[in-house]
Amino acid sequence: MPFQPLQDSDPDKPCLADLGLLVIRLLAVATFTYYQLNRQLHLAVDHLWEGADWDLVSQLAERGLPSPDLFAAAAVGIQIVTLLGVVLGIFTRINAFLFTLMIGFLLFSAIDLSPSLNPQALALYLAIFLGLACGGAGRLSLDHLLAGRRARKRAV
């Protein structure tokens, strides 16, 4: 019997792989937000409003970065925006790439965000977000929805 490929029922219909990409996006972002970003966000707010010490600022100052206060606050803000973009699936490849760059900086500069963020966890985050940067968010994302709308407008 000769080989016959399976017929693709509908190329625009989400499949199980797209659901898997959605679950990966949600779990990776929820894990990073709960274990790392939440703590840094509270420390940033305390630092900006109450003048409390923020260990991220002192670590960035030790590395010789200019304006460590501004750099730390911008890093937390960019993390929030990129993670929100990855969850929603809007500009997923760009957001995941930016987040990959930030995780790579944390990994190679040995900045300690929290006790639970060890090099193994950073490598896993790096792999997940690099995969999303290369492959995209799948069909269960705003990227796919907006691309479909744009294609329908061009066809008219």
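See the structure above.
What comes next is a walk through the structure. Note that the coordinates shown come from a computational prediction; the quantities given were computed from them, not determined experimentally.

### Looking at the packing of aromatic side chains
With the rule as written, the count across this model stands at five aromatic pairs. Aromatic side chains F71 and F105 sit 6.3 Å apart centroid to centroid with 70° between the ring planes, which places their arrangement in the edge-to-face category. Within this pair, whereas F71 is found in helix α3 (residues 68-88), its partner F105 is found in helix α4 (residues 92-109), the two being separated by 34 residues in sequence. F105 gets classed as partly exposed once you look at its relative accessible area, which sits at 35%. The rings of F32, F99, Y125 and F129 are connected pair by pair, giving a single aromatic cluster.

### Describing the nonpolar core
F32, W54, L56, L83, I103 and F129 are the most contacted members of the largest nonpolar core, which totals 26 residues. Within the residue set of this core, elements represented by two or more residues are α1 (16-50), α2 (55-62), α3, α4 and α5 (119-135). The leading source of residues in this core is α5, at six residues. Sequence-distant contacts of F129, defined by excluding residues within four places in its chain, comprise A28, V29, L83, V86, A96, F99 and T100.

### Notes on a nonpolar patch on the surface
Taken together, the side chains of L16, L19, V23, L27 and L140 present a nonpolar region at the surface, about 460 Å² in accessible area. Following the sequence through the fold, L140 ends up in the loop between α5 and α6 (142-155). Under the relative-accessibility criterion, L140 is labelled partly exposed at 31%.

The rules behind the values
- Residues numbered from 1 in each chain as written.
- Predicted model: local features only at pLDDT ≥ 70, side-chain atom pairs only at ≥ 80, totals over all residues.
- Heavy atoms only, no water.
- Phe/Tyr/Trp six-rings, centres within 6.5 Å; stacked < 30°, edge-to-face > 60°.
- Helix = DSSP H or I, 4+ residues; strand = E, 2+ residues; numbered from the N terminus.
- Buried < 20%, exposed > 50% of the residue type's maximum accessible area, 1.4 Å probe, protein only.
- Core = buried A, V, L, I, M, F, W, Y, C linked by side-chain atoms within 4.5 Å.
- Contact = heavy atoms within 4.5 Å.
- Patch = residues over 30% accessible without salt bridge, like charges linked within 9 Å, V, L, I, M, F, W, Y side chains within 5 Å.
- Areas by Shrake-Rupley, 256 points an atom, 1.4 Å probe, with all protein chains shown as cover.
- Salt bridge = Lys/Arg side-chain N within 4 Å of Asp/Glu carboxyl O.

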